[in-house]
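As a plain string of letters, each chain reads:
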Amino acid sequence: MTDIVKKLLNKMTVEEKIGQLIQVTGDFFKGSESTITGPLSENGRLKDEVKYMIGSVLGTSGSSEVKKIQQDYLAHSSLKIPLLFMADVIHGYKTIFPIPLGIAATFNPKMMKIASQVAASESAAAGLHVTFAPMVDLVRDPRWGRVMESTGEDPYLNEVMAREAVKGFQGNLPIDDSHIAATVKHFAGYGAAEAGREYNTVDMSEWQFRENYLGAYQSAIEAQAKLVMTSFNTMFGVPATGNKYLMKDILRQELEFNGVLISDWDAINELINHGTATDLQAATNLALNAGVDIDMMSFAYITLLEHVDELSKNVLKLIDESASRVLQLKKELGLFQNPYKGLNPEKENDKDIKLAHEKNALEVAEESIVMVKNNSSILPLSFDQRVFLTGPVADTGDLLGSWSWKGDVLQTKSLLFKMKKSFKNISFSEGINYHDRHIKDWDKISQQVSDADVIIVALGQPSSESGEATSMMEPTLPIGQIEYLKKLRQFNKPIVAIVVTGRPLILTQVNELVDAMLISFFPGTKGATALTNILTGKSEPTGRLPMTFPRNNGQIPIYYNSYTTGRPIEFGLQNNETKYVTKYIDGSNDPLYNFGDGLGYADISISESVIQENVLSMSEQIKVSVILQNKSNRSGQTVLQGYIHQKIGETVHPTKALKWFKKIEVPAKNSRKIMMSIPVNELASVHQDLSTSIDLGEYEIMVGLNSTDLVSHNLTIE
Ligand code: BGC
């Protein structure tokens, strides 16, 4: 505890300390809310004596609004401890970047850093101090709508992206005026909701938790994220928000997190629904004992104010600890020196800054697009090809995705708008909207198709169908879109599908009906330009899938890094050629597209891969030198991926696990030599006793340009 925090704490009444632990929305300060009842309220509003003790505000931004609230607060509060302003700035503030799943698809950590930096800079100018990001929950189930906010199914990719996001949001410490504090969420395991159903039970072994889930949170904490948010779900049978083992033993002691732990929205109150607390007071006790510092909108900690004189010594001690962590954060952010830190109306509205940020958003959007099919190299298209553009996503600004509350869909340019500038001869009819089965203007469309060289169908989901509370039983495109595609196919013209989505979808039928396909996880403000640049070949598609795309609903959850089983399907055999093995009787085990998949325009392949040493000790680096050859006439980029497999161990191991990746440019008709270097300690795994260590013995090191076609090398650790 620093001196200033100690001094302040000594001056504060218990009530004032409790105030620091309460977070409400800005509406409570604007006087518009009229929902709160009980002894601390008057006419549905918080009584002034409570309001002017509150520690933080969420969901309000904009330099003038924030300034007004802060000024009024400081004028009335007795100790003049500035309010903290927090909000969900997830993938951009006004300039919207691709959704985090799309940023993960760049397979380029720099892109995550840039997106987070820009988001921080815009929101800091708008008066925010803290973002509720990054969400680092590992997800293996596309039915869960919040998968859009994650970086996918791979622990290593998650760890790398989590670290970059924190660095991007926070910058160098102490956090300056262009950066904001990051909140790692949701601790822990929120991405593993059973059956992909939002807010559902999470039930996994601690071994599984430590093997795959914990790493990304740890990585963000090691990058010095200032806050952690609890999750709504249970972990080891106990709701996370009241889970002392999870929060005290694992988060505070093991991961040495000493920042602010904030509850998720209403999550303390929800301990009552979970059935682990009888009332708000009991819920408050559970959360305080678990070390939750800030109560976000549960109105649980506020009940402490009703019986301050009866609080036990233990509760008073916990209040002191939590209040000091909140004050420490305010101190580290520099709010005691300047309560209006970062807030900057000129910067907020500066046109040049906006343009520079949009340039960044374009770069990230381009890198996020994944080409999963390109038969007969029909892409890229040339500008004089006659194009017929159609589908529900063709003429819409709904490209921003969920969690983009400050982004402007109406100002977001559509694909049609951008493509008109890039193709000499383009015709358009929407054909169908997202959910309709009725095709509009079919006669006109038939003519337009006959007059075209190529059909571009922009399919997908509206942004309202991914994000929080959007679990889906069948993550597929609506039937009307598939039927429309079938009708277009009858013309025997080449079809390029663009699929804009917030989650992996089952695209098995679409894949059969089209010649080429681009997957774009909601690409953001500059999405239409990015897609157009890829279509025309101005930019190379370099995105790779951060999640496996199932072939069939029944395969879910399906992920590339599955574990070895006792009865694998023998290599080369089809499901119907064998029986007592791990398989389905009605379809393949293989997904439609795998994690790591993605094509480019340039013809790049691995021409040589040599492991430097195949017997190593614990402290060494695994080194594989790889030559990438580009046989084509265009320069291009690819993502080189390094996987490991432990052959023998006390527990089972994934058949492959990503441990290294890099986006690499290879000039036309040229080659490049790359040294892939993986520290041996990346081979560490979790054992039966839950300890993490490296086993001596045999491993396989694999390199490839996706997770399926891999060159393998044997390695022994001695
Ligand atoms: C979400 C959090 C979010 C919070 C505040 C909750 O419903 O789960 O991720 O940060 O709301 O908006």
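It should be emphasised that the depicted structure is a prediction, and the values quoted were computed from it without experimental measurement.

**Q** How do you make sense of helix H1 (residues 3-11) when you look at a structure like this?
**A** Among the residues making up H1, those that are buried are Val-5, Leu-8 and Leu-9. Each buried residue of H1 sits inside an arc of 100 degrees when the element is viewed along its axis, so together they form one side. Relative to its buried face, H1 has exposed residues pointing more than 90 degrees away, namely Asp-3, Lys-7, Asn-10 and Lys-11. Packed against the buried residues of H1 are helix H2 (14-20) and helix H13 (313-332).

**Q** Even after reading the chapter, I still don't get the packing of helix H7 (residues 109-125) against helix H8 (residues 155-170), so can you show me in this structure?
**A** Two quantities define a packed helix pair, namely the angle between the axes and the distance from one axis to the other. Contact pair H7 / H8: the axes reach a minimum separation of 7 Å and the direction vectors enclose 30 degrees. Comparing their axes, H8 and H7 come out roughly parallel. Both H7 and H8 take part in a crossing whose hand is right-handed. For the pair formed by H7 and H8, the contact residues are Pro-109, Met-112, Lys-113, Ser-116, Gln-117, Ala-119 and Ala-120 on the first element and Val-160, Met-161, Glu-164, Ala-165, Lys-167, Gly-168 and Phe-169 on the second. Its residues placed into classes, the contact of H7 with H8 shows 8 nonpolar, 3 polar and 3 charged.

**Q** Explain the environment of Gln-117 here, please?
**A** If you trace the backbone, Gln-117 turns up in helix H7. Setting aside chain neighbours within four positions, we find Gln-117 in contact with Gly-168, Phe-169, Ser-178 and His-179.

**Q** Any chance you could explain the packing of aromatic side chains here in plain terms?
**A** The geometry of an aromatic ring pair is captured by the separation of the ring centres together with the interplanar angle, meaning the angle of the planes. On inspection of all chains with the given rule, the structure shows 19 aromatic pairs. Relative to Tyr-73, the ring of Tyr-52 lies with its centre 6.2 Å away and its plane at 50 degrees, an arrangement referred to as tilted. In this pair, Tyr-52 is assigned in the loop between helix H4 (48-51) and strand S4 (56-58) and Tyr-73 in helix H5 (residues 63-76), connecting sequence segments 21 residues apart. When its relative accessible area of 2% is taken as the criterion, Tyr-73 is described as buried. Relative to Tyr-593, the ring of Phe-549 has its centre 6.0 Å away and its plane inclined at 55 degrees; by these criteria the two rings are tilted. Taken together, the residues span a long stretch of sequence, with Phe-549 in the loop between helix H20 (527-536) and strand S19 (604-611) and Tyr-593 in the loop between H20 and S19 at a distance of 44 residues. The exposure class assigned to Phe-549 is buried, which follows from its relative accessible area of 0%. Three or more aromatic residues link up through ring pairs in this structure, and these residues are Phe-107, Tyr-156, Tyr-560, Phe-595, Tyr-643 and Phe-661. Sitting over the ring of Tyr-559, Arg-140 keeps its end group 3.7 Å from the ring centre.

**Q** It is not clear to me how the pairing of strand S23 (residues 657-666) should be interpreted in this structure. Could you clarify?
**A** With respect to burial, S23 is a largely interior element, 8 of its 10 residues being buried. Inspection of the sheet shows strand S22 (residues 636-646) paired to S23 by 9 bridges, in the antiparallel sense. In the strand pairing of S23, Tyr-643 is matched with Leu-658.

Definitions and limits used
Residues numbered from 1 in each chain as written. Predicted model: local features only at pLDDT ≥ 70, side-chain atom pairs only at ≥ 80, totals over all residues. Heavy atoms only, no water. Buried < 20%, exposed > 50% of the residue type's maximum accessible area, 1.4 Å probe, protein only. Helix = DSSP H or I, 4+ residues; strand = E, 2+ residues; numbered from the N terminus. Arc of directions from axis to C-beta. Contact = heavy atoms within 4.5 Å. Axes fitted to C-alpha atoms, helices over the stretch in contact; angles between N-to-C directions. Parallel < 35°, antiparallel > 145°, perpendicular 65-115°, else oblique. Left-handed = near helix turned anticlockwise from the far one by under 90°. Nonpolar A, V, L, I, M, F, W, Y, C, P; charged D, E, K, R; others polar. Phe/Tyr/Trp six-rings, centres within 6.5 Å; stacked < 30°, edge-to-face > 60°. Lys NZ or Arg CZ within 6 Å of the ring centre and 35° of its normal. Pairing = 2+ DSSP bridges.

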